[in-house]
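A structural walkthrough
Chain by chain, the residues run as shown.
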Amino acid sequence: MPLIALTGGIASGKSTIARRLAEHGAVIVDADQIVRDVQAPGSPVLERIAETFGPSVIAVDGALDRPALGAEVFGNPERLAQLNAIVHPAVREESQRRFDAATAADPAAVVVYDVPLLVEARVDDPWDLIVVAHAPAAERLRRLVELRGMDAPAAQGRIDAQVSDERRLAIADVVIDTAGTLEHTLEQTDALWERIRRP
């Protein structure tokens, strides 16, 4: 079972690549979805977040108030480290469970871990291949403003809060250039799939 890490900065086209790989038959394990799942109401992770950050980060319906938690940790490395110490181990455990389940269902499965924070949290795991979706920061800023409706300072803040493109590119086995047309991105993804499936 090939285990592939797919990463990229915000608005880098990572989701487009993941969708295409899924169309080819890859099993996609979505790190962001796992984060939401392990922080569900009643979960031990959410209880620890509430203990650490206070009741203001829990919404009236008992779910995590993401904007409130974001305000607590954004720009505060110490608080962010506290949050990561709670969340990352649970995400690691759940992602491994999903990798194992995919392999049990199909020993030949290609499992793709769609993970924004690979450099920050999982770079040393035993991946068979690390794929980086890459578009220049200026292009990603344009997408956030024009396609997602963010204002430019907020969009720039989101980009700046992530690791640099240089650090992501330094760990890449494969770089998919997403700055051009959608067709170009999909062609590169198809070529990647052929490489993965080649015996």
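Further up the page is the structure itself.
So, how was this worked out
Residues numbered from 1 in each chain as written. Predicted model: local features only at pLDDT ≥ 70, side-chain atom pairs only at ≥ 80, totals over all residues. Heavy atoms only, no water. Pairing = 2+ DSSP bridges. Helix = DSSP H or I, 4+ residues; strand = E, 2+ residues; numbered from the N terminus. Axes fitted to C-alpha atoms, helices over the stretch in contact; angles between N-to-C directions. Contact = heavy atoms within 4.5 Å. Parallel < 35°, antiparallel > 145°, perpendicular 65-115°, else oblique. Left-handed = near helix turned anticlockwise from the far one by under 90°. Nonpolar A, V, L, I, M, F, W, Y, C, P; charged D, E, K, R; others polar. Buried < 20%, exposed > 50% of the residue type's maximum accessible area, 1.4 Å probe, protein only. Arc of directions from axis to C-beta. Polar contact = N/O pair within 3.5 Å; in protein donor to acceptor, adjacent residues only side chain to side chain.

Attention now moves to the sheet that holds strand β3 (residues 111-114). Read from one edge of the open sheet, five strands run β2-β3-β1-β4-β5, paired in parallel fashion. Bordering the open sheet on either side are β2 (27-30) and β5 (174-177), each of which pairs with just one other strand. On average, each strand axis in the sheet is tilted by 25° relative to the strand beside it, whichever way the strands run. Note: strand β1 (residues 3-8) against strand β4 (residues 129-134), five bridges, orientation parallel. Paired with G8 across the two strands is A133, which belongs to β4. Contacting β2 and β3, helix α2 (residues 31-38) crosses the sheet at an angle of about 50° to β2. Here helix α5 (residues 77-105) sits on the sheet in contact with β1, β2 and β3, set at roughly 160° to β3.

In this section: the packing of helix α1 (residues 14-24) against helix α10 (residues 182-197). Close contact between α1 and α10 brings their axes to 10 Å; oriented N to C, the two are set at 50°. Considering their axes alone, α1 and α10 lie oblique with respect to each other. For the pair α1 and α10, the crossing hand works out as right-handed. Taking contact as the criterion, the partners of T16, I17, R20, L21 and H24 in α1 are, on α10, L182, T185, L186, T189, D190, L192 and W193. Taken together, the residues that form the contact of α1 with α10 break down as six nonpolar, four polar and two charged.

Among the residues of α1, K14, I17, A18 and L21 are the ones counted as buried. Taken end-on, α1 shows its buried residues confined to a sector of 100°, consistent with a single buried face. When the buried face of α1 is taken as reference, the exposed residues oriented beyond 90 degrees from it are R19 and E23. Contacts from the buried residues of α1 go to β1, β2, β3, β4, β5 and α10. Backbone geometry just after α1 places G25 at a positive phi near 120°.

This brings us to helix α7 (residues 137-146). Listed in full, the buried residues belonging to α7 are E139, R140, R143 and L144. Down the axis of α7, the buried side of the element spans an arc of 140°, and every buried residue falls inside it. When the buried face of α7 is taken as reference, the exposed residues oriented beyond 90 degrees from it are A138 and E146. Of the surrounding elements, those touching the buried residues of α7 are α8 (152-161) and α9 (165-170).

Let's shift gears to the pairing of β1. With six of six residues buried, β1 is to be regarded as a mostly interior element. Residues L3, A5 and T7 point to one face of β1 and I4, L6 and G8 to the other, with burial holding for every one of them. Pairing geometry for β1 and β3, over four bridges, is parallel. When the bridges of β3 are listed, I4 appears paired with V112.

Another point: the environment of R143. Looking at where R143 falls in the secondary structure, it is placed in helix α7. Taking the C-alpha atoms as reference points, R143 and A155, 12 residues apart in sequence, are found 9.2 Å from one another. With sequence-adjacent residues up to four places away left out, R143 is seen in contact with A11, S12, G13, A135, R148, T178 and A179. A polar contact is formed between the side chain of R143 and the side chain of E139, at a distance of 2.9 Å.

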